[in-house]
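A structural walkthrough
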Amino acid sequence: MAIGTNPLHPLFGVEILGIDVRRVDEATFADVVQAFDEHSVLLFRRQPISDEEQIAFSRRFGPLETTIRTIISEARTPREISSLANVDAEDRLIPHGDTRNLFNAGNQMWHSDSSFKRVPALASLLSAREVPPEGGETQFASMRVSYERLPEAMKRFLEGRVAVHSFAYSRGLVGDGLLPLDHAAQVPPIAQALVRANPAHGRKTFYVGSHACEILGMPTNDARTLLRELLELATRPEFVYTHRWQPGDLVMWDNRCVLHRGRPWDEDKYRRVMHRTTVAGDGPTAPDVPAVAVAPARETDIAWGRAQLASLWAAGDTVS
Ligand code: OGA
Ligand code: MN
């Protein structure tokens, strides 16, 4: 491969050196795609790009998702951009405890982007426009690395199974009423394969995250225990890469096999403005299941979800 790389973590992730993402020729782009399939997380430093330039680079990987209309989306950004920012359209800090910040706080649970959509995301590209001087890191964990370490009996047990992912379920762990009913209707629970293979090289991964809440044909209790165990296996501290952002960083990750989460920062004091583009996957991962049922979150589910968001409540917030 012609491009230079530096490892980000012993198990996955590389920095791509010497590239301006606004000017990448076809041969170099093919190398970037290969690095993406191989390493799952790519960092490009010093990329002061506009939304349009970010969209143009991202489109080279495939068609982009457009944001679902939520309480967060703003008319002034292109529909291909998800804005993760603690500032409003008038550029003012969003007050502490505001529903918009709580909604984004769902990103502090380990997840894979758009796993709650019938066609889940292939890749996300997150561009750091403004970063806090401390906190606000993004963490990554490779489910493929952990899958490959599973006992063979467990791999056989998981093979062919189908999980259910639901955005209403995962946001419900953060707090009631964060997802108004008309938005929930845009994102009904859907089926996703529990084991996926990357078509480029065949390497398999399990596929879980905060939106996963059932496994077809399995009692809810057993399914949630298993989903949680897999997630905890993948996110053991020594398996996690923590990215400390510098302005101008562009980080791209493979949602098929990588979990990520944002880390808290002092939202009252520091601005954090990140723009994301999301490359759509090439199709559903499992056959459609009509009217998938999701059992309500139990006390233990809520406690587990909220433990991941402890900083919110430590700061004295209440969510009804
Ligand atoms: C995302 C995401 C976390 C963060 O952009 O999809 O989950 O650190 N971000 O902002
Ligand atoms: Mn995300």
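Here the structure is a predicted model, which means the values were calculated and not measured.

What about the overall build of the protein chain?
Within the protein chain, the regular secondary structure consists of ten helices and 15 strands. Taken against the 2.2 N^0.38 rule, which gives 20 Å for 320 residues, the C-alpha radius of gyration of the protein chain at 19 Å falls within 12% of a compact globule. With respect to the principal axes defined by its C-alpha atoms, the protein chain has extents near 50 × 45 × 35 Å. Long-range pairs, those at least 24 residues apart, make up 82% of the contacts in the protein chain with a sequence separation of at least 6.

Focus on the site of ligand 1
Neighbouring ligand 1 are Leu-84, Asn-107, Asp-113, Ser-124, Leu-126, Thr-138, His-260, Gly-262, Met-274 and Arg-276. Broken down by class, the residue content of the shell around ligand 1 amounts to three nonpolar, five polar and two charged.

A closer look at the sheet that holds strand S7 (residues 162-165)
Through backbone hydrogen bonds, the strands of a sheet pair up, either in parallel or in antiparallel fashion. Read from one edge to the other, the open sheet built from three strands follows the order S8-S7-S11, with strand pairing classed as antiparallel. The open sheet has two free edges, formed respectively by strand S8 (190-193) and strand S11 (212-215), since each of these has just one partner strand. Each neighbouring strand pair of the sheet contributes to a mean axis angle of 40°, computed without reference to strand direction. Strand direction decides the pairing type here: S7 and S11, joined by three bridges, are antiparallel.

Observations regarding the sheet that holds strand S4 (residues 82-85)
Strand order in the open sheet made by the seven strands is S1-S2-S3-S13-S5-S15-S4, with mixed pairing throughout. In this open sheet, the two strands that pair with only one neighbour each are strand S1 (4-7) and S4. In this sheet, adjacent strand axes meet at a mean angle of 25° when their direction is disregarded. Inspection of the sheet shows S4 paired to strand S15 (residues 273-280) by four bridges, in the antiparallel sense. Directly across from Ser-82, in S15, lies its bridge partner Arg-276. Where helix H2 (residues 51-59) meets the sheet, it contacts strand S5 (121-130) and S15, and its direction lies at approximately 25° from that of S15.

Some thoughts on the confidence of the model for the protein chain
Do not read the fine detail of predicted coordinates wherever pLDDT is low. Within the protein chain, residue pLDDT values average 92, and 94% of them lie at 70 or more. Low confidence marks residues 315-320, where pLDDT is under 50. Its contacts with residues over four positions away, or in another chain, come to eight contacts.

Structural notes on the nonpolar core
One recurring pattern in soluble globular proteins: nonpolar side chains tend to sit buried together. Judged by nonpolar contacts, the single largest core of 67 residues is most densely connected at Val-41, Met-143 and Val-208. Setting aside residues no more than four positions away along its own chain, Met-143 makes contact with Thr-205, Phe-206, Tyr-207, Val-208, Ala-234, Cys-257, Val-258 and Leu-259.

So, the environment of Thr-277
Considering the arrangement of structural elements, one finds Thr-277 in strand S15. A C-alpha to C-alpha distance of 26 Å links Thr-277 and Gly-305, two positions 28 residues apart in sequence.

Remarks on the pairing of S15
Counting buried residues in S15 gives six out of eight residues, a clear majority hidden from the surface. In terms of strand pairing, S5 meets S15 through eight bridges, oriented antiparallel. Bridge assignment links Ser-124 to a residue of S15, and that residue is Thr-278.

Observations concerning helix H6 (residues 167-174)
With seven of eight residues buried, H6 lies mostly within the body of the structure. Considering only its buried residues, H6 is in contact with helix H3 (99-105), S11 and helix H9 (299-307).

Points about the environment of Thr-242
In this fold, Thr-242 is placed in strand S12 (residues 240-243). Considering only alpha carbons, one finds Thr-242 and Ala-27, 215 residues apart in sequence, at a separation of 30 Å. If sequence neighbours within four positions are ignored, Thr-242 has contacts with Glu-137 and Gln-139.

A few points about unusual backbone geometry
Despite not being glycine, Ser-40 has its phi angle at roughly 75°, a positive value. In this structure, Ser-40 sits in the loop between helix H1 (26-39) and strand S3 (41-44). With 30 C-beta atoms counted inside 10 Å, the residue Ser-40 sits in the buried group. Phi at Ser-114 takes a positive value of approximately 60°, unusual for a residue other than glycine. In this fold, Ser-114 is placed in the loop between H3 and S5. With 23 C-beta atoms packed within 10 Å, Ser-114 lands in the buried category.

Analysis parameters
Residues numbered from 1 in each chain as written. Chains lettered and ligands numbered in written order. Predicted model: local features only at pLDDT ≥ 70, side-chain atom pairs only at ≥ 80, totals over all residues. Helix = DSSP H or I, 4+ residues; strand = E, 2+ residues; numbered from the N terminus. Rg over C-alpha atoms; globule rule 2.2 N^0.38 Å. Contact = placed C-beta atoms within 7 Å. Near = placed C-beta within 6 Å. Nonpolar A, V, L, I, M, F, W, Y, C, P; charged D, E, K, R; others polar. Pairing = 2+ DSSP bridges. Axes fitted to C-alpha atoms, helices over the stretch in contact; angles between N-to-C directions. pLDDT = per-residue confidence, 0-100. Core = buried A, V, L, I, M, F, W, Y, C linked by C-beta atoms within 7 Å. Buried ≥ 20, exposed ≤ 12 C-beta atoms within 10 Å, placed from the backbone.

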